[in-house]
Amino acid sequence: KLFFIKNQRSSLRVRLFNFSLKVLSCLLYMVRVLLDDPQEERQDWSLIIWVNRPLPLWALQVRHNVELFSDLRVLLCFQGNIWEQVLRVPFILEMISAVPFVITVILPSLRNLFIPVFLNCWLAKHALENMINDLHRAIQRTHSAMFNQVLILICTLVCLMFTCICGIQHLERAGNNLTLFDSLYFCVVTFSTVGFGDVTPQIWPSQLLVVIMICVALIVLPIQFEQLAFLWMERQKSGGNYSRYRAQTEKHVVLCVSCLKIDLLMDFLNEFFAHPRLQDYYVVILCPAEMDVQVRRVLHVPLWAQRVIYLQGSALKDQDLMRAKMDDAEACFILSNRFEVDRFAADHQTILRAWAVKDFAPNCPLYVQILKPENKFHVKFAGQSIEGNVCIRTTMCVQLCAYWSFYT
């Protein structure tokens, strides 16, 4: 584990190979089902236990389950709680789908024994989630939690449908002798609550499986939908991301504040959009605090609703600066509340934000409001490597807007 933590790309390749094996095993199972031709007899329970598995297909399935021995070696070398590893769901699924193939090698008479290989879809889902995490670490970029939750939800739906399709198709070999497409049709109609009734399971094992899968779906899916809804609500509160396409096609400036008050916001917007050449600009507000009622009411006014975007985040975090597309911004304004009691502390926060912005987007013009004149030197230090891109004022924000209008 320590090796894979330090070598993310190697871990990504191993997980990609493992994911490919699981998907290939599911495809081989579908090939076996398509090649299978059960007898026309009804209520023959032996059709559930025994299947027709051609020798070449059996050899391929055995070959793709050889990786079991590597898992056993890892388990034998594990120095922690072995029972904790043995009772893990992925390990149990590995045993169910791999051990029987090893037994068929030892006892050739059991070569046609049914093995629920389609359960490998859950192992493929587990491998895909780990692979996405390794991909984030390898490329040093993190997708949003919304992306991961949507991916988990889609994978869960696919695995539930695939398990139900394959399970019903196999159990109905002793009943209706359904094809994979018939089973797919039945599952879609059932899970969509339409229920035409033209295709139904005839024997009790397949009927029991349908009941179990519906119960599992009613338990698992609402939990994941709830997590997705929670993340969506949090995303709406934080404002989401400023569109990369809009950032490249439209002009925008970023306003960074520690606490957004209504008077500060209105002073800035009125002075900024007073200039006729700035009417087509967008203003992206980056503030760590949640919008209060007054600011929310103002931003819902049609005059500002299409021109001002509020993002909840900190200018000290590269991820939030990336959300605001700071590297594509025409300018960045860092303002302070002029009624601050502790002006030195306010200037310290402003200076830190100025350094962070200049480090993230060195080519972005920076306009900083400093409350104490003696603190100008620290902000100038942030812009000394790029001359002319930092403007420091000790006055109120309207004069910063005037300077910006002059330079543009």
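Only a predicted model underlies this, so the values are computations on that prediction, with no experimental measurement involved. (Residues numbered from 1 in each chain as written. Predicted model: local features only at pLDDT ≥ 70, side-chain atom pairs only at ≥ 80, totals over all residues. Heavy atoms only, no water.)

Before going further, it helps to spend a moment on the environment of Thr-350. Within the element layout of this structure, Thr-350 appears in helix H17 (residues 343–360). Owing to a relative accessible area of 0%, Thr-350 belongs among the buried residues under this scheme. Distance from Thr-350 to Ile-334, taken between C-alpha atoms, is 6.7 Å for residues 16 residues apart in sequence. Non-local contacts of Thr-350, meaning those with residues more than four positions away in its chain, are made with Ile-334, Ser-336, Val-368, Gln-369 and Ile-370. Separated by 2.7 Å, the side chains of Thr-350 and Ser-336 make a polar contact. (Helix = DSSP H or I, 4+ residues; strand = E, 2+ residues; numbered from the N terminus. Buried < 20%, exposed > 50% of the residue type's maximum accessible area, 1.4 Å probe, protein only. Contact = heavy atoms within 4.5 Å. Polar contact = N/O pair within 3.5 Å; in protein donor to acceptor, adjacent residues only side chain to side chain.)

Compared with the 26 Å implied by 1.5 Å per residue over 18 residues, the 26 Å span of H17 between its first and last C-alpha is a close match. For H17, every residue scored as buried is listed here: Ala-346, Asp-347, Thr-350, Ile-351, Arg-353, Ala-354, Ala-356, Val-357 and Lys-358. (Expected span 1.5 Å × (residues − 1).)

Right, let's talk about the packing of aromatic side chains for a bit. This structure, assessed with the given rule, holds eight aromatic pairs. Measuring from ring centre to ring centre gives 5.2 Å for Phe-268 and Phe-333, while their planes differ by 70°; the resulting arrangement is edge-to-face. On the criterion of sequence distance, the pair formed by Phe-268 in helix H13 (residues 262–272) and Phe-333 in strand S4 (residues 331–334) is long-range, its members being 65 residues apart. Both residues of the pair, Phe-268 and Phe-333, count as buried. Arranged with centres 6.3 Å apart and planes meeting at 85°, the rings of Phe-272 and Phe-333 form a pair that is edge-to-face. Residue Phe-272 is found in helix H13, and its partner Phe-333 is found in strand S4; the two are separated by 61 residues along the sequence. Comparing Phe-272 with Phe-333 shows no difference in burial state: the two are buried. Lying across the ring of Tyr-282, Arg-246 places its NZ or CZ 4.7 Å from the centre. Taking the ring centre of Phe-273 as reference, the NZ or CZ of Arg-307 above it sits at 3.9 Å. (Phe/Tyr/Trp six-rings, centres within 6.5 Å; stacked < 30°, edge-to-face > 60°. Lys NZ or Arg CZ within 6 Å of the ring centre and 35° of its normal.)

Once that is clear, we can look at the pairing of strand S2 (residues 282–287). Of all six residues in S2, six are buried, a share of seventy percent or more. With burial as the criterion, each face of S2 is covered, one bearing Tyr-282, Val-284 and Leu-286 and the other bearing Val-283, Ile-285 and Cys-287. Summarising the sheet, strand S1 (residues 252–256) and S2 pair through five bridges and their orientation is parallel. Along S2, the bridge assignment pairs Val-253 with Val-283. In this fold, S1 hands off to H13, which returns the chain to S2; that crossover is right-handed. Pairing of S2 with strand S3 (residues 308–312) involves five bridges; the strand directions are parallel. Bridge assignment links Val-283 to a residue of S3, and that residue is Val-308. (Pairing = 2+ DSSP bridges. Right-handed = clockwise from strand over helix to strand, strands pointing away.)

Moving on to unusual backbone geometry. Although it is not a glycine, Thr-193 adopts a positive phi angle of roughly 60°. Structurally, Thr-193 can be placed in the loop between helix H10 (180–191) and helix H11 (204–238). The phi dihedral of Lys-325 is positive, around 55°, even though this residue is not glycine. One can find Lys-325 in the loop between helix H16 (318–323) and S4.

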